Amino acid sequence: MNINTRRRRIVLATGAALASASLAFPALAQGQRITFAAYPFTLGVASGYPQADAVVLWTRLAPFPAVPQGGLVETRIPVRWELAEDEAMTRIVQQGEAEATPQWAYSLHVEVKGLQPQRHYFYRFMAGDAVSPVGRTRTLPPLAADHFDLRFAYASCQHYEQGYFAAYRHIVADNPDLIIHLGDYIYESSWGKAHVRKHNSTEPVTLDEYRARYALYKSDVDLQSAHKLHPWLAIWDDHEVQNDYANDRSQHNDPREQFLLRRAAAYQAYYEHMPLPAAMRPRGPAMPIHTRIEIGQLAQLYLLDGRQYRSHQPCPPPHKGGGGNSVDESCTERLDPTLSYLGRGQEQWLYYNLDSRQARWNILAQPTLMAQCDRQIGPGQRFGTDAWDGYPAARQRLIDHLQHAKTRDNIVLGGDVHTFYVSTLKQDFDHPESAAVATEFVGSSVTSQSWAQSKTDAVVRENPHMLFGNSETRGYMRMQLNGQRLLADLRGLNDVADAGTGCTTVASYVVERGNPNPQRV
Ligand code: FE
Ligand code: CA
C-alpha cells in the first residue's frame, strides 16, 4: 500500500464511525485521537542519510521503553510529521503522515525529498496529543559544489556500563555537518571494570531483548542530543549482534540456523532504532547497509559492512568461531586468497566504484583497523584475525584498487580497537619503503576499554607505518575536509566516568592532497 492510499484510509477511519474503517483500524475505533498512558517520544528523534535534497527522519513511539513494544498494543498508530525552515516550526515546508506499527516496534523512517542543499531544517512528530522534541538536520552540498569545507565527526564502541556518552556532548559543541558511527553502538555482553551503570538484562538474543538494549542505550541524554541535532550515517560492527561473529558463524559455533535467527533479530532492532532509509530494511537475516554517499565534488564516502558477508576468521580456537587468540606465521590459512572481509559482492561493488568515480577524496568508513598490526614485539609476527589482519589477501586487493583508483587521495576511517591509531596504509606493510596508498585514522572509543598504553607504545614502535597510538584515552575523531587538505583532531575525554567531563585534542594531523603521509601539527 503506498503512502497516499494509506493516508486516505486514515482520513476515512477518523472522519466517520464507519464499521469497515474501525475494523481496519481497531486502535482508532474509539475515535480519532490516541491518548498515550505516558509520553511516547522517550527515545528522542533522529535524522540520517542526508543527500543534497533529501534526508531520513526517525523516531520510535515507546511510552515505556523497557517493556516489549514500549507498552503499546495498537495495531497501527498514525503519526504526523512536519519539516520547517525554523526551529519554532512556523515556516513548514513539508509535512505528512506515516504509520507506526508493532511489526517495526512503532519506529518511523520518513524519507523527505525535494529539499534545498546545504542548509539546516527542523522537524518534529505528532501522535495523538503528544508532540516530539524538535530535531535539527542538515542537507549535503549540491552535487556540483566544489569549494566548501565538510566538518564531520565519527565515533564507535560505546559500552553503556563502562562510561557516559559524554563524547557526544563535545561532538555537538563542535557542530559538525555530519556524524558517522562506525559500530558497536550497543554491546550485547557485559565486560570490563569500573562500571558506572549497568545493563538492565542479560545478553540479548530475541528481537524484544535487542529492542530493550537499544532503548537502554538511547536513554543516554548526550547520545539522544547528538541524534536530535545532527544527521547521522552508520555502519555496524560485531557487538550489534555478538562479539566477533562472522557472517553466519557465531563465536560459540551456535547452530547456523539458530544464529541466523539471532542475527535477524539483532539487525531488525538496529533498523528500528537508527535513521536508516527504507532500502536498508532487513528481510530475515539479510540487511544491506553498505552504500556510497556523494558529498558534492569533494568526496565519495563509502560506508562498508565488515560483518554480514565476511569469510569466517582463519584458525579459530578449538571448537569456537570468532577471532579468539592472535595467530603467528603457522596459520597459513590466513593467507588464503579466497578469504574476504567484505564478501565478494561488496568487494566488486566497491572496486567498480573506486575504478570509475571521480572526486577530490575517497573516504572509506569501515568498522575495524585496516593497517597491519604486528603484535609480536621483535622477531616474528603475530596478528589478530578479527580485523583486516585476518584477511590480508582481501586487504591487498583493496589497497591495490586504492592505489589505482580514479580518485587517488584515500582516507580510511576505523574503529573497533578502542585506540587512536594514525597509520599510513602501505603497498606492502612488510617493506616500509613501499608506496603509501592511503591514510587511516582509528578513533578510540566513546567509552569501551582498551589494553595498556605501554603495549600500544610497543606496537607503534613495532609497526613503522603506525605513526601514533593512544589506548588510554576515550573519545572521538573530528575532521575538517576541503579540496586541499584534511585536518584530523583526535579528541580525548578527561574522564569517561564523569558525565560532565571535559575534552581536549590529544593530537592533530594534516593530510595534504597528493601525499598520504599525515603530518602532525
Ligand atoms: Fe568495540
Ligand atoms: Ca614482530
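The shown structure was predicted, so the numbers you read here are calculated from the model rather than taken from an experiment.

(A) Geometry of the overall build of the protein. When its secondary structure is counted, the protein shows nine helices and 24 strands. At 23 Å, the protein has a C-alpha radius of gyration in line with the 24 Å of a compact globule built from 521 residues. Taken along its principal axes, the extent of the C-alpha atoms in the protein is 80 × 55 × 45 Å. Here the protein, with 521 residues, has 60% of them falling under the buried criterion. Accessible surface for the protein amounts to roughly 19500 Å². Of this, 51% is attributable to carbon and sulfur atoms.

(B) Structural context of the side chain of Thr-456. Residue placement: Thr-456 occurs in helix 9 (residues 453–462). For Thr-456, the residues in contact, after removing those within four places along its chain, are Thr-419, Tyr-421, Trp-451, Gly-469, Asn-470 and Ser-471.

(C) Representation of the sheet that holds strand 22 (residues 485–493) in the model. Spatial strand order, 5-2-1-11-10-9-21-22-23-24: ten strands in an open sheet with mixed pairing. Every other strand in the sheet has two partners, leaving strand 5 (107–112) and strand 24 (519–520) as the edge strands with one partner each. Across the sheet, helix 3 (residues 167–174) lies against strand 9 (150–155), strand 10 (178–181), strand 11 (231–234), strand 21 (475–481), strand 22 and strand 23 (503–512), angled at about 20 degrees from strand 21, the strand it touches most.

(D) Expanded view of the packing of helix 3 against helix 5 (residues 221–229). Two elements in contact, helix 3 and helix 5, have axes whose closest approach is 7 Å; the angle formed by their N-to-C orientations is 30 degrees. For the element pair helix 3 / helix 5, the angle class is roughly parallel. Both helix 3 and helix 5 take part in a crossing whose hand is left-handed. Judged by residue contacts, Tyr-168, Arg-169 and Val-172 of helix 3 engage Asp-222, Leu-223, Ser-225, Ala-226 and Leu-229 from helix 5. Each residue belonging to the contact of helix 3 with helix 5 can be placed in one class, and the counts come to five nonpolar, one polar and two charged.

(E) View of the environment of Leu-301. As for its position among the elements, Leu-301 is in strand 13 (residues 299–303). Residue classification places Leu-301 among the buried residues on the basis of a relative accessible area of 1%. Separated by 42 residues in the primary sequence, Leu-301 and Gly-343 place their C-alpha atoms 19 Å from one another.

(F) Summary view of the coordination of the iron ion (ligand 1). Those donors, Cys-157 (SG), Asp-184 (OD), Tyr-187 (OH) and His-418 (NE2), are the protein atoms that reach the iron ion (ligand 1), and they lie 2.0 to 2.5 Å from it. Taken together, the four donor atoms surrounding the iron ion (ligand 1) define angles of 83 to 175 degrees at the centre, an arrangement classified as irregular.

(G) Structural view of helix 8 (residues 392–403). Taking 1.5 Å of rise per residue, twelve residues should cover 16 Å, and helix 8 covers 16 Å from first to last C-alpha, within 8% of that figure. Among all positions in helix 8, only Pro-392, Ala-393, Ala-394, Arg-395, Arg-397, Leu-398, Ile-399 and Leu-402 are buried.

(H) Structural view of the domain arrangement of the protein. In terms of domains, the protein is made up of domain 1 (7–138) and domain 2 (150–520). Placing a centre on the C-alpha atoms of domain 1 and another on those of domain 2 gives a separation of 32 Å. Tallying the contact residues gives 30 residues for domain 1 and 33 residues for domain 2. Roughly 2500 Å² is buried in total at the junction of domain 1 and domain 2, and carbon and sulfur atoms are behind 57% of that figure. For domain 1, the biggest contributors to the area lost against domain 2 are Tyr-49, Trp-104 and Arg-136; these three give 31% of the whole. Counting the contacts that link domain 1 with domain 2 gives one salt bridge. For the pair domain 1 and domain 2, the number of links is 15 residue pairs in polar contact (both at pLDDT 80 or more).

(I) Representation of the state of the cysteines within the structure. Throughout the structure, instances matching the rule amount to one disulfide. In this model, Cys-315 is linked to Cys-331 through a disulfide, with the two sulfur atoms separated by 1.9 Å. Taking the sign of the torsion about the S-S bond as the criterion, the disulfide between Cys-315 and Cys-331, at about 95 degrees, is right-handed. Taken together, the positions of Cys-315 in the loop between strand 13 and strand 14 (327–328) and Cys-331 in the loop between strand 14 and helix 7 (344–356) put the pair 16 residues apart, joining distant regions of the chain. On the basis of relative accessible area, Cys-331 is assigned to the buried category, the value being 5%. There is no disulfide at Cys-373, and the cysteine sulfur nearest it, in Cys-157, is 15 Å away.

Cut-offs and rules
- Residues numbered from 1 in each chain as written.
- Chains lettered and ligands numbered in written order.
- Predicted model: local features only at pLDDT ≥ 70, side-chain atom pairs only at ≥ 80, totals over all residues.
- Heavy atoms only, no water.
- Helix = DSSP H or I, 4+ residues; strand = E, 2+ residues; numbered from the N terminus.
- Rg over C-alpha atoms; globule rule 2.2 N^0.38 Å.
- Buried < 20%, exposed > 50% of the residue type's maximum accessible area, 1.4 Å probe, protein only.
- Areas by Shrake-Rupley, 256 points an atom, 1.4 Å probe, with all protein chains shown as cover.
- Contact = heavy atoms within 4.5 Å.
- Pairing = 2+ DSSP bridges.
- Axes fitted to C-alpha atoms, helices over the stretch in contact; angles between N-to-C directions.
- Parallel < 35°, antiparallel > 145°, perpendicular 65-115°, else oblique.
- Left-handed = near helix turned anticlockwise from the far one by under 90°.
- Nonpolar A, V, L, I, M, F, W, Y, C, P; charged D, E, K, R; others polar.
- Donors = N, O, S within 2.8 Å, 3.2 Å for Na, K, Ca; no water.
- Tetrahedral: all angles 85-135°; square planar, octahedral: opposite > 155°, others 65-115°.
- Expected span 1.5 Å × (residues − 1).
- Domains from an automatic or database assignment.
- Buried area = accessible area lost by both parts, 1.4 Å probe.
- Salt bridge = Lys/Arg side-chain N within 4 Å of Asp/Glu carboxyl O.
- Polar contact = N/O pair within 3.5 Å; in protein donor to acceptor, adjacent residues only side chain to side chain.
- Disulfide = S-S within 2.5 Å.

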